[in-house]
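Breakdown of the fold
Read off the chains here:
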Amino acid sequence: MRLTLQMLISHGRMARRMGLGPRSRIDMLRNILTGLVRHERIETTLARADEVRFYAEKLVDYAKKGDTDEKAMKMASFWLTEKDLVPKLFKVLAPRFENHSNSYTRLARIPNRQNLDRAKMAVLEYKGNPFPPLYPAKKENELTLINQLLKGYREDRAQQLDTKS
Amino acid sequence: MAACTKRLDRFIISLRLLRNLQLQNERFLSTSQCLRAAGNDSESPKFVPPSKPVIVDKTQTVASLRKFLSPEFIPPRQRTDPLKFSIERKDMIRRRKVLNIPEFYVGSILAVTMADPNASGKTNSFVGICIQRGGKGLGATFVLRNIINNQGVEICYELYSPRIQKIEVLKLEKRLDDNLMYLRDALPEYSTVDPEMKPVPFSPTGEVPVNKIKVRMRPKPWSKRWERPKFNIQGIRFDLSLTPEQMEHAQKWAQPWLEYDMLKEYDTSKLEEQIIKEVQQEMSK
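In this text, all values refer to a predicted model and were calculated from it rather than measured experimentally.

What follows concerns the overall build of chain B. Along chain B, the regular secondary structure elements total five helices and seven strands. Secondary structure elements in chain B, listed N-terminal to C-terminal, are α-α-β-β-β-β-β-β-β-α-α-α. Long-range pairs, those at least 24 residues apart, make up 67% of the contacts in chain B between residues at least 6 apart in sequence. For chain B, the accessible area works out to roughly 20200 Å², and carbon and sulfur atoms hold 55% of it.

Listed below in structure tokens is the structure:
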């Protein structure tokens, strides 16, 4: 029951309310983030993936600061519940994103869950993962009539330009 | 013995003669001068002390001066256009060129004179310890607290109000906390400031002195539950007013995940550098 106007209006609030409370929200996001760092591509509900996306990118920013930084190590050991992923974060993910400056993750929507809740689902992945791409590049078929005609036209133009020069 | 006294007497008499001669000459000269001077002015000439020499310390270079950016210059994390903040900063600098707003922190003792149409002499002044600095931009405020005639008085002044005529820092120091609202529940001796305090000299280089005083509180109930971790107060002596069980009970409201929550972080270092440069440029014009 929202008693005060402050509790009713949520202008400018950046964090979604998830789970049982703020502690539960952070724990849930921690678990999802650990799974993301382990598998590099996970499928969850859209809201959770959107929340985790911010934390995943910030975690990579901290990892870029390096092993020796105390704050970075504290953050990594808090956010990754499985401690064998901490070296993976610093030694694999941080060098991979050395040249990127901002976006390290990709979010793609999926058909809704088939359960009764029909929840919006999404796939969150780190760029540069070993799996086949989410948006596969469609190769155009060269043997269709229009493509063959266009190919011939391009070749003629190239010949004309060669004879002119 | 007699011989000594005789010689002494002669010596003293000769000295006296010499002194009399001297004095007579001096009196001759001095009185004539005095009379002449007295003839010109009606009163005796006042002693004018020589002007104090202005010491320009060339060892303190610009680089060694303490860099301070007033907290109201730093814009909050919002979705507003940065143009609004830059226009506001221009106005703040314009006001600062007219009125010198010195560097001060929460815990320093300030004296403020403000224009007041109802007061005799049209100004009123207040001396107090700064307990809070709030607001951003032109609406920045600071609250001064003092105890006058056994009555605690807190006045909230706006830094950029045109009514303010002078802000003077009597003692520059920092405290262990950013917000000293708990002084309301502390013993009155910690909030009393002498209204006729003389300014304590401080150097513009080096670190600001931190007063690590731990304040004693009145018996509970307090206006706020200062022992709770959300206030994060370092400057109270809790061991005198609370039992260890009560301190542990207060820790139930602790949110240990808050320091790891990256969403709450607002890194202002780059913004601060930019704004410091801008402000220094504009002020030197």
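With that settled, the discussion passes to the pairing of strand 3 (residues 121-126) of chain A. All names here are of chain A. The element strand 3 is largely enclosed, with a buried count of six among its six residues. Residues of strand 3 alternate between two faces, with M121, V123 and E125 on one and A122, L124 and Y126 on the opposite face, all of them buried. Examined bridge by bridge, strand 1 (residues 41-45) and strand 3 share five bridges and lie antiparallel to one another. Counted as the bridge partner of T45 is M121 from strand 3. In terms of strand pairing, strand 2 (residues 105-110) meets strand 3 through six bridges, oriented antiparallel. Paired with I110 across the strands is M121, a residue of strand 3.

Glancing now at the confidence of the model for chain B. Residue and element names in this part refer to chain B. This prediction gives chain B a mean pLDDT of 86; 82% of its residues lie at or above 70. Under a pLDDT of 50 for its full length, residues 28-35 has, in the predicted model, three contacts with residues more than four places off or in other chains. Scoring the predicted complex yields pTM 0.75 and, for the interface, ipTM 0.80.

Here the focus is the interface of chain A and chain B. The interface of chain A with chain B comprises 16 residues on the first partner and nine residues on the second. Where chain A abuts chain B, roughly 1200 Å² becomes buried across the two surfaces, and 74% of that area is made up of carbon and sulfur atoms. Three residues, M14, R23 and F78 of chain A, lead the burial of chain A against chain B; their summed loss comes to 31% of the area buried on that side. Joining chain A to chain B, the criterion identifies one salt bridge. Of the charged contacts, one joins K71 of chain A and E265 of chain B as a salt bridge, the two residues approaching to 3.8 Å between their closest N and O atoms. Inspection of the chain A/chain B interface yields three residue pairs in polar contact (both at pLDDT 80 or more). For the side of chain A that touches chain B, the elements supplying multiple residues, two or more each, are helix 2 (22-39), helix 3 (46-64) and helix 4 (70-79) of chain A.

All names here are of chain B. By size, the foremost hydrophobic cluster in this structure holds 51 residues, and its most contacted members are F142, Y182 and L183. When contributions to this core are tallied by element, the ones reaching two or more residues are helix 2 (82-98), strand 1 (109-115), strand 2 (123-134), strand 3 (141-148), strand 5 (164-171) and helix 5 (269-284). What F142 contacts, discounting residues up to four positions off in sequence, is F104, L110, V112, C130, Q132, R133, I155, C156, Y157, L159 and I167.

What follows is about the packing of aromatic side chains. One pass over the full model with this rule turns up 11 aromatic pairs over all chains. Residues F78 of chain A and Y260 of chain B carry aromatic rings whose centres are separated by 4.2 Å and whose planes lie at 10 degrees to one another, so their mutual orientation is stacked. Placement of the pair is F78 of chain A in helix 4 and Y260 of chain B in the loop between helix 4 (244-250) and helix 5, with the two residues belonging to separate chains. For the pair F78 of chain A and Y260 of chain B, one class covers both residues: buried. Taken together, a centroid distance of 5.8 Å and an interplanar angle of 40 degrees make the contact between F97 of chain A and Y126 of chain A tilted. Residue F97 of chain A is located in the loop between helix 5 (85-96) and strand 2, and its partner Y126 of chain A is located in strand 3; the two are separated by 29 residues in the primary sequence. Per residue, the accessibility class of F97 of chain A equals that of Y126 of chain A, and both read buried. Feature note: the residues F54, Y55, F78 and W79 of chain A together with Y260 of chain B constitute an aromatic cluster, connected by ring pairs. It is R133 of chain B that lies over the ring of F104 of chain B; its NZ or CZ is 4.0 Å from the centre.

All names here are of chain B. Taken together, five strands build an open sheet; the order of strands is 4-3-2-1-5 and the sheet is antiparallel. The sheet is open, and its two edges are formed by strand 4 (151-158) and strand 5, each paired on a single side. On average, adjacent strands in this sheet sit at an angle of 35 degrees to one another, irrespective of strand direction. Two strands pair when backbone bridges link them, and strand 2 and strand 3 are joined in this way by five bridges, in the antiparallel orientation. In the strand pairing of strand 3, Q132 is matched with V143.

All names here are of chain A. In total, this model carries 24 salt bridges over all chains according to the counting rule given. For K88, the salt bridge is made with E40, and the minimal N-O distance between the two is 3.3 Å. Residue K88 is found in helix 5, and its partner E40 is found in the loop between helix 2 and strand 1; the two are separated by 48 residues along the sequence. Using a relative accessible area of 7% as the deciding quantity, one classes E40 as buried. Across the salt bridge formed by E40 and R96, the nearest N and O atoms sit 2.8 Å from each other. On the criterion of sequence distance, the pair formed by E40 in the loop between helix 2 and strand 1 and R96 in helix 5 is long-range, its members being 56 residues apart. Judged by its relative accessible area of 26%, R96 is partly exposed. Linked through salt bridges whose partners overlap, the residues forming this network are R16, R25, D50 and E51.

About the thresholds
- Residues numbered from 1 in each chain as written.
- Chains lettered and ligands numbered in written order.
- Predicted model: local features only at pLDDT ≥ 70, side-chain atom pairs only at ≥ 80, totals over all residues.
- Heavy atoms only, no water.
- Helix = DSSP H or I, 4+ residues; strand = E, 2+ residues; numbered from the N terminus.
- Contact = heavy atoms within 4.5 Å.
- Areas by Shrake-Rupley, 256 points an atom, 1.4 Å probe, with all protein chains shown as cover.
- Buried < 20%, exposed > 50% of the residue type's maximum accessible area, 1.4 Å probe, protein only.
- Pairing = 2+ DSSP bridges.
- pLDDT = per-residue confidence, 0-100.
- Buried area = accessible area lost by both parts, 1.4 Å probe.
- Salt bridge = Lys/Arg side-chain N within 4 Å of Asp/Glu carboxyl O.
- Polar contact = N/O pair within 3.5 Å; in protein donor to acceptor, adjacent residues only side chain to side chain.
- Core = buried A, V, L, I, M, F, W, Y, C linked by side-chain atoms within 4.5 Å.
- Phe/Tyr/Trp six-rings, centres within 6.5 Å; stacked < 30°, edge-to-face > 60°.
- Lys NZ or Arg CZ within 6 Å of the ring centre and 35° of its normal.
- Axes fitted to C-alpha atoms, helices over the stretch in contact; angles between N-to-C directions.

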